[in-house]
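# Remarks on the overall topology
The chain contents come next:
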Amino acid sequence: MTLRTPEAWTGRFGAILAVAGSAVGLGNFIRFPAQAAQYGGGAFMLAYFASFLIIGIPLVWAEWTLGRMGGKHGYHSAAGVLHSVVHRPWAKYLGGLGFLIVTLIFVYYISIEAWCLGYTVNALLGRFDGSTDYGAFFGTFVGAGANGSAIAFGLGDLGLFLLATFALNFYFIHRGISRGIETVCRYALPALLALALVILARVLTLGTPDPTKPDQNVINGLGFLWNPSKPGLSVFDDLANPQLWLAAASQVFFSLSIGMGVIITYASYLKPRDDVALSGLTAAAANEACEVGIGGTLTVPAAYVFLGASGVAALAGQTIGLGFIALPQVLANMPGGQALAVCYFGLLFLAALTSSLSMLQPGIALLEEGPGFDRGRSVGLLALLTALGAAFVWYFSADLKALDTIDFWVANVLIFIQATAVIIVFGWVIGIKQGLAETRRGAKMHVPDFVGPVMKYLCPAYLLAIFGLFVVNKIVGWNFRFGADAAFSPSGYVTDLVGPEPSAVARASFALIVAFLIFTLLLVRHSARRWQARANLTPAPSPLNPSSR
Ligand code: TRP
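Please read all numbers here as calculations on a predicted model, not as lab measurements. (Residues numbered from 1 in each chain as written. Predicted model: local features only at pLDDT ≥ 70, side-chain atom pairs only at ≥ 80, totals over all residues. Heavy atoms only, no water.)

The helix and strand inventory of the protein chain stands at 21 helices and two strands. Against the 2.2 N^0.38 benchmark of 24 Å for 549 residues, the protein chain shows a C-alpha radius of gyration of 23 Å, consistent with a compact globule. The dimensions of the protein chain, computed from C-alpha atoms along their principal axes, are 80 × 55 × 50 Å. Classification of the 549 residues of the protein chain by burial places 60% in the buried group. Residue pairs at least 24 apart in sequence account for 80% of intrachain contacts in the protein chain once pairs closer than 6 positions are excluded. Averaging the locations of the 32 positively and 26 negatively charged side chains of the protein chain gives two centres separated by 14 Å. (Helix = DSSP H or I, 4+ residues; strand = E, 2+ residues; numbered from the N terminus. Rg over C-alpha atoms; globule rule 2.2 N^0.38 Å. Buried < 20%, exposed > 50% of the residue type's maximum accessible area, 1.4 Å probe, protein only. Contact = heavy atoms within 4.5 Å. Lys, Arg positive; Asp, Glu negative; His and termini not counted. Charge placed at Lys NZ, Arg CZ, Asp CG, Glu CD.)

This paragraph deals with unusual backbone geometry. Here the phi dihedral of D399 falls at roughly 60°; this positive angle occurs in a residue that is not glycine. Residue placement: D399 occurs in the loop between α16 (375-395) and α17 (401-429). A relative accessible area of 65% means that D399 is categorised as exposed. Even without a glycine there, the phi angle at L400 is positive, about 55°. Mapped onto the fold, L400 is located in the loop between α16 and α17. The class for L400 is buried, based on a relative accessible area of 14%.

What follows deals with the site of the ligand. Lining the immediate environment of the ligand, one finds 17 residues, of which A23, G27, Y109, F254 and S358 sit closest. In this structure, a nitrogen atom belonging to the ligand sits 3.4 Å away from a main-chain N or O atom of S22. Here Y109 contributes a side-chain N or O atom positioned 2.8 Å from an oxygen atom of the ligand. Bound to the protein, the ligand loses 100% of the 360 Å² it would expose on its own. For the shell around the ligand, the elements supplying multiple residues, two or more each, are α1 (12-23), α2 (26-38), α5 (91-124), α11 (242-256) and α15 (337-369). (Near = heavy atom within 4 Å. Polar contact = N/O pair within 3.5 Å; in protein donor to acceptor, adjacent residues only side chain to side chain. Areas by Shrake-Rupley, 256 points an atom, 1.4 Å probe, with all protein chains shown as cover.)

Moving on, we come to a nonpolar patch on the surface. A cluster of nonpolar side chains, namely I151, F153, L160, L163 and Y395, defines an oily patch on the protein surface of about 520 Å² accessible area. The exposure class of F153 is partly exposed, given its relative accessible area of 43%. (Patch = residues over 30% accessible without salt bridge, like charges linked within 9 Å, V, L, I, M, F, W, Y side chains within 5 Å. Salt bridge = Lys/Arg side-chain N within 4 Å of Asp/Glu carboxyl O.)

Shown next, in the form of structure tokens:
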């Protein structure tokens, strides 16, 4: 193996910045408000905070801790980290899921990121004004509409921007951990915060723009997000809906980038004595501030003021419709609409960029330490692999079918499996005592004892319950509600694959997932052979013997 200078963050702050950059993304600014709107605000927020406390923080700590442990042994990919920490044959394959998940998410996330770039450029060029029909623009731009052509390269098409976004991501990844990722986050995060504050200030001072509709004011918009009960309904009516719990948990995963091996990889570049407890909590808190404080506070009231309660309800769950059609339309109605559009799309693009970079590094880490490729070759190979996937998603952009199908299976099923594996490794295989002792090593905060049972029992139980709900509700299609009649309808994602009228694109997307899965399994198996051979040759690297890293 060639010797590389070990890569590292420039400090603990660099790691926090990068993890926050990974977490703060499109999930915060468009997925979260769309989910909150769908499940009626306040009740969703209750389930959301419960999920944040019971699965969010435990997984954040488990992943930061495992990552730093693996880094001590010289491993940086989730597969390598679990292999080196757990010493069981299955561990590396569960870690390999990390590679699979982020690589697959990247192939569609990059598309959405490219939309953001394209919209920013169009806004900067003044091509959006009060009369823009964003729905029509969107249809042509992404080729999602009937008359849209997917493969086109004009200013109003995806092509050019997809290529540019792709190149930009790989350029920064090639520059490395501190010179690439950390540098981007150092500038992008403050910049996106500034842009968000501009829009936030505008939205929160809107008051009641239409005096004929006194109801549609900012305060009621905030109430829509936060009030736990709606007129005539108690909060328990909403909380009795299992789908709400499912949606809340999924949002916590997606938003914090947990259950995907990203944090494990990032934390592995820490030094053995660097704090993980406070760092993890800080990055998670930064994400929540952006999600609830900015994403929710900006989007929901803005939409409410102009569209009213029924208008917001119509956006339910429409992450993409909300982000690229409805909200831009709403912003265009405000004084200063053109400048706001630049801020808004610029904000989305920067948020997406720091997230997509973090989806590439786990793959680079595995290719470097598995087959032992140098950085250039790892970057090249990953670029090739993800280009195939991204081209697939681009080509099948009608109805966003490929994007949607891959997102559904990866962001629900695979993430739950990986997350459950990680928390069980932490609480049961390593053991909660030793695990927490690791978390506390070098910790700049007190990690209280009650965290032990939460991480060992409550978190895995909650995860399994949520996954059970998912299978019952979304796969089998038994839509029950506590205290109401059950309905039975298998989800469209399932009937697309095995129903009477299967969708060819959905099936091809599923096949793509399987192909990536096979590639991952072979890659991990090959890597493990090399790790075994190396372990047989040299004494295990240890913190006392850092030269063997
Ligand atoms: N957390 C990111 C967001 O809020 C999205 C995301 C999902 C992500 N999975 C990821 C980011 C994996 C990095 C790595 O938009």
